[in-house]
Amino acid sequence: SLGYTYIDWNCLNNDSVKKYSDYQLLNNLKKTAKGKDTLVILMHDTKDVSNSSLVLQDSIKFLKEEGYKFQNFYDIIGENWYKIMNNWRRNGKNR
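Residues numbered from 1 in each chain as written. Predicted model: local features only at pLDDT ≥ 70, side-chain atom pairs only at ≥ 80, totals over all residues. Heavy atoms only, no water.

**What about the layout of surface pockets?**
So, point 1. Empty space within the largest pocket amounts to approximately 500 Å³.
So, point 2. Taken together, 17 residues form the lining of the largest pocket, with Leu39, Val40, Ile41, Phe70 and Gln71 sitting closest to its centre.
So, point 3. Ranked by the residues each element gives to the lining of the largest pocket, the list is headed by helix α2 (residues 56-65), at four residues.
So, point 4. By residue class, the composition of the lining of the largest pocket is eleven nonpolar, four polar and two charged. (1 Å grid on protein atoms, 1.4 Å probe; cavity = no way out; pocket = protein on both sides within 12 Å on 5 of 7 lines; lining within 4 Å. Points joined across faces, edges and corners; volume = space filled by probe spheres on them. Helix = DSSP H or I, 4+ residues; strand = E, 2+ residues; numbered from the N terminus. Nonpolar A, V, L, I, M, F, W, Y, C, P; charged D, E, K, R; others polar.)

Take a look at the structure:
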């Protein structure tokens, strides 16, 4: 086993599909979040098509109101992964 943990997004606001209004971006997020216990959200940090940063606060507010909590990837995959990676780096395995 290579020790990989696969995590993929399962929710998005379609910010790279076409130019959406702020309202549409938030509505897209709400639609793709519906009925899911855990979300890994895809939003882009560029303004190439739509600018997700303009609806980020509203998106976070909505998600918190829906009961979601925010975590980093280490929270999702577990503390063991963090320990493995630190040990790997300490022993020079990243060269």
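**Quick word on the pattern of salt bridges**
So, point 1. In this structure the tally under the stated criterion is one salt bridge.
So, point 2. Among the ionic pairs, Glu65 bridges to Lys61, the shortest N-O distance being 4.0 Å. Of the two residues, Glu65 and Lys61 both sit in helix α2, four residues apart, roughly one turn of that helix.
So, point 3. Since its relative accessible area comes to 56%, Glu65 is described here as exposed. (Salt bridge = Lys/Arg side-chain N within 4 Å of Asp/Glu carboxyl O. Buried < 20%, exposed > 50% of the residue type's maximum accessible area, 1.4 Å probe, protein only.)

**Considerations on the environment of His44**
So, point 1. Positionally, His44 belongs in the loop between β2 (41-42) and α2.
So, point 2. With a relative accessible area of 33%, His44 lands in the partly exposed category.
So, point 3. Each C-alpha atom of the pair His44 and Asn13 lies 9.3 Å from the other, and the pair is 31 residues apart in sequence.
So, point 4. Among residues more than four places away in sequence, those in contact with His44 are Asp15, Ser16 and Ser52.
So, point 5. Polar contacts involving the side chain of His44 include one to the side chain of Asp15, which spans 2.6 Å. (Contact = heavy atoms within 4.5 Å. Polar contact = N/O pair within 3.5 Å; in protein donor to acceptor, adjacent residues only side chain to side chain.)

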